[in-house]
Amino acid sequence: MRGVAYVERLEAACEETGLAAIERAVAEGDLNRVVVAGCSPHLYADRFEALMARLNLPPRLLARANIREGAAWAHIADPAAATAVARGVLEMAVAGLRETPYHPFNPRPQETVARRVLVLGGGLAGMTAALTLADLGVECDLVEREPQLGGNLHDIHHTLEGLDTQTLLASLVERVRQAERVHVWTEAELVGWSGVRGNFAARIRVNDEVRSERYGALIVATGAEEATTTEYLYGQHPRVVTQRELERMIAGGRRQEAGGKMWASCFLPLDSCRSVVMIQCVGSRDETRPYCSRVCCAQAVKNALALKRLDPTIEVSILFRDVRTLGTQELYYRQARRAGVRFLRYEPPAKPVVEADGDRLRVTVHDTLYDETVTLEADLLALSTGIAPREDSNRALAAMVGVMLDEDGFFAEAHPKLRPTDLARPGIFLCGLAYGPRFVTESIAQARAAALRAALTVTRPGEPRRDVATVEADLCSFCGLCVAACPYGARVLDEEERVARVLDSLCQGCGVCVAVCPNGASRQPAFEPVQALALVDAALIE
Amino acid sequence: MTDFEPRIVAFLCNWCTYTASDLAGTSRIQYPPNVRIIRLMCSGQLDPIYVAKAVLEGADGVLIGGCHPGDCHYQSGNYKARRRVAIIHQVLEQLGFDPDRVWLRWISASEGQYFADTVTEMVAALKEKGPSPFRRQWSV
């Protein structure tokens, strides 16, 4: 065969000894292209790529002739035919390689990765992510819309398991403020975003001034909020509150103080409350908000137990649809029952009816377990409204950075099982309530995971990729066909230089742009058209 | 005519049909040795020139294998291939070349048997049709 300078039979080319033999033969014979005739190119590709790297040759100069799956095995009953096919396959591999240019077109400069991460949102998840990054030695900017850090954590006073979240909050804020590698910008907002993994350009508005920054990765930790409602006299009767407002009242009652912005009824002295009713799944698990908010059952049990601890004679009734105290939280549900908290089950469409009875409230509910209609006199009604996404700002942010929301309005992860902290666009990660309802501990775990993913993105050097497309600038006519054809948005027109460009980190190497280019300016070094044409030639040699 | 063996050039998508051909081999599913396989990353990578070259050089048939519609590894490459093959068919007809010699098939990675069946079927169909007219003309 033309061009073949050396042939060696190896027991197993992919094993140590085989690879060493190839390395030796190439070095000794001053060879510059290698054909391995053997198994399918889908096997051991990484070993041969590593081999070429050791030989300091571009990996595309090694071709695989698939004579096992493609010939020996497919025609096992007819050895003569198998041999003929194998010979043909080998000729094609040699012919293709003969036509593969040694010098890549338009060698691309090595991408530089910005070793800096932007964390959006200074709540529990955002602060945890920022501190994890700082501990890993990565600089990050923490951008918070509100004047103070903390977000929703301000309204959580302890967890069901007894973790003092206010102490946690104080220590987090303290550590974030002191961490050298964390730069905090409050009352700031992301207003512009472009670029690709490892090299994003951001515009951030801080105090009416817009700053331009470069980042290697982004962590979205923008949170969510307690849902609001107009049901059950909420907003009309001073003794109707949300679970979160009740939690604040309990904390205030315990500490004899009440701080921050709160609704008038939050000052309601708890000692005037002899009977408290809670309603679960308010505005949740229906047509408008079909998902379960995950935390409200635990929150109701937490508040019920807290009330019982303040005064065991307070009557607490929880009107529920299904109690979902997750995992070992079930123990607290049992504890609540033992403490005398009553659980009454209702089922839509027969929702509880709440009427004002002067200063007090009357709650009528059909208990499906007793099959009786029960009327409860209440001094206080607490509604479990659940967690709602910040839909407008989520949508604006998703559009800006180019990711998707799920049908509920939270950010949609790239894959629920395999990539739960990644967003679909490379280099953008997700944690906390922006992802959906979750507990404090879950937010912390996910924030650490997202921080680790982001740290890996910015600390690893940009891996050389052999399969991406390139543009030979001299041949490009700036027609934009490749931009229209690319399914990944990896093609852009450079208005200044008047050529098409490839965004390497978005390119997946499908070669569609090569096929549409009328001038042959689009190139894929591993799959050159001359190579394919040589293969066709070789395939048809008699 | 009886000992005519058609020559088929196959352009197969790396992710589905090429893997199906591997699977056919691994499973020892036998198919006629008349096909020469060229691996592309995606059926959408197929430049019509490749088909034209194969036809002009006397291939009796060209097989293009891609992912099932909606399953493209690169989102939409197979749709681009489908449109391109439709145009290739028209052009070949103009040239007086039977467009039924150029087959586009959706064969997923798990369909080794279907790949072997397709090749078998195509070889039989081409035997029926006889050698490519271009082969005769050009080999004078």
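Residues numbered from 1 in each chain as written. Chains lettered and ligands numbered in written order. Predicted model: local features only at pLDDT ≥ 70, side-chain atom pairs only at ≥ 80, totals over all residues. Heavy atoms only, no water.

Novice: Kindly report on the overall build of chain A, identifying the contributing residues and their values.
Specialist: The number of helices and strands found in chain A is 14 helices and 26 strands. Its C-alpha radius of gyration of 32 Å places chain A more than 25% over the 24 Å reference for a compact globule of 542 residues. For the C-alpha atoms alone, the extent of chain A along its principal axes is close to 100 × 60 × 45 Å. When each of the 542 residues of chain A is scored for burial, the buried share is 52%. Here the contacts in chain A between residues at least 6 apart in sequence split such that 65% fall between residues at least 24 apart. For chain A, the exposed area adds up to about 25,800 Å²; of that, 50% sits on carbon and sulfur atoms. (Helix = DSSP H or I, 4+ residues; strand = E, 2+ residues; numbered from the N terminus. Rg over C-alpha atoms; globule rule 2.2 N^0.38 Å. Buried < 20%, exposed > 50% of the residue type's maximum accessible area, 1.4 Å probe, protein only. Contact = heavy atoms within 4.5 Å. Areas by Shrake-Rupley, 256 points an atom, 1.4 Å probe, with all protein chains shown as cover.)

Novice: Before we move on, could you go through the domain arrangement of chain A and cite the residues and values that matter?
Specialist: Domain annotation for chain A reports domain 1 (16-104), domain 2 (116-223 + 390-459), domain 3 (228-387) and domain 4 (470-524). Spacing between the C-alpha centres of domain 1 of chain A and domain 3 of chain A amounts to 71 Å. (Domains from an automatic or database assignment.)

Novice: With reference to specific residues and values, describe the environment of Leu-63 of chain B.
Specialist: Residues and elements named next belong to chain B. Within the fold, Leu-63 resides in strand 3 (residues 61-66). Here Leu-63 falls in the buried class, since its relative accessible area comes to 1%. For the pair formed by Leu-63 and Phe-11, sequence separation is 52 residues and the distance between their alpha carbons is 6.2 Å. Aside from chain neighbours lying at most four places away, what touches Leu-63 is Ile-8, Val-9, Ala-10, Phe-11, Trp-103, Arg-105, Phe-115, Thr-118, Val-119 and Met-122.

Novice: So what about the sheet that holds strand 7 (residues 199-206) of chain A? Which residues, and what values?
Specialist: All names here are of chain A. Pairing within the open sheet is antiparallel, and its three strands lie in the order 6-7-8. Strands with a single pairing partner mark the edges of an open sheet, and in this sheet they are strand 6 (188-196) and strand 8 (209-215). Within this sheet the neighbouring strands show an average axis-to-axis angle of 20 degrees, counted without direction. Two elements, strand 7 and strand 8, share seven bridges in a ladder whose sense is antiparallel. Bridge pairing in strand 8 places Val-206 opposite Glu-209. (Pairing = 2+ DSSP bridges. Axes fitted to C-alpha atoms, helices over the stretch in contact; angles between N-to-C directions.)

Novice: Tell me about helix 4 (residues 112-129) of chain B, and please be specific about residues and values.
Specialist: Residues and elements named next belong to chain B. Under the 1.5 Å per step criterion, the end-to-end length of helix 4 is 26 Å for 18 residues, consistent within 8% with the ideal 26 Å. Buried within helix 4 we find Gly-112, Phe-115, Ala-116, Thr-118, Val-119, Met-122, Val-123 and Leu-126. In a view along the axis of helix 4, the buried residues occupy a sector of 155 degrees, so they form one face of it. Looking at the buried residues of helix 4, the elements they touch are strand 1 (8-13), helix 1 (17-26), strand 2 (35-40), strand 3 and strand 4 (102-106). Directly beyond the C-terminal end of helix 4, a positive phi value near 85 degrees is found at Gly-130. (Expected span 1.5 Å × (residues − 1). Arc of directions from axis to C-beta.)

Novice: So what's going on with the packing of helix 5 (residues 124-135) of chain A against helix 6 (residues 165-178) of chain A? Residues and values would help.
Specialist: Residues and elements named next belong to chain A. Viewed as axis vectors pointing N to C, helix 5 and helix 6 meet at an angle of 45 degrees, and their least axial separation amounts to 10 Å. Classified by the angle between their axes, helix 5 and helix 6 sit oblique to one another. Remark: the crossing between helix 5 and helix 6 carries left-handed chirality. Facing Leu-124, Met-127, Thr-128, Leu-131 and Asp-135 of helix 5, the residues of helix 6 in contact are Leu-168, Leu-169, Leu-172, Val-173, Arg-175 and Val-176. (Parallel < 35°, antiparallel > 145°, perpendicular 65-115°, else oblique. Left-handed = near helix turned anticlockwise from the far one by under 90°.)

Novice: Describe the confidence of the model for chain A, and please don't skip the residues or the numbers.
Specialist: The predicted model of chain A averages 89 in pLDDT, with 93% of residues at 70 or higher. A low-confidence stretch, residues 255-266 of chain A (pLDDT under 50), is modelled with 17 contacts involving residues beyond four sequence positions or located in other chains. (pLDDT = per-residue confidence, 0-100.)

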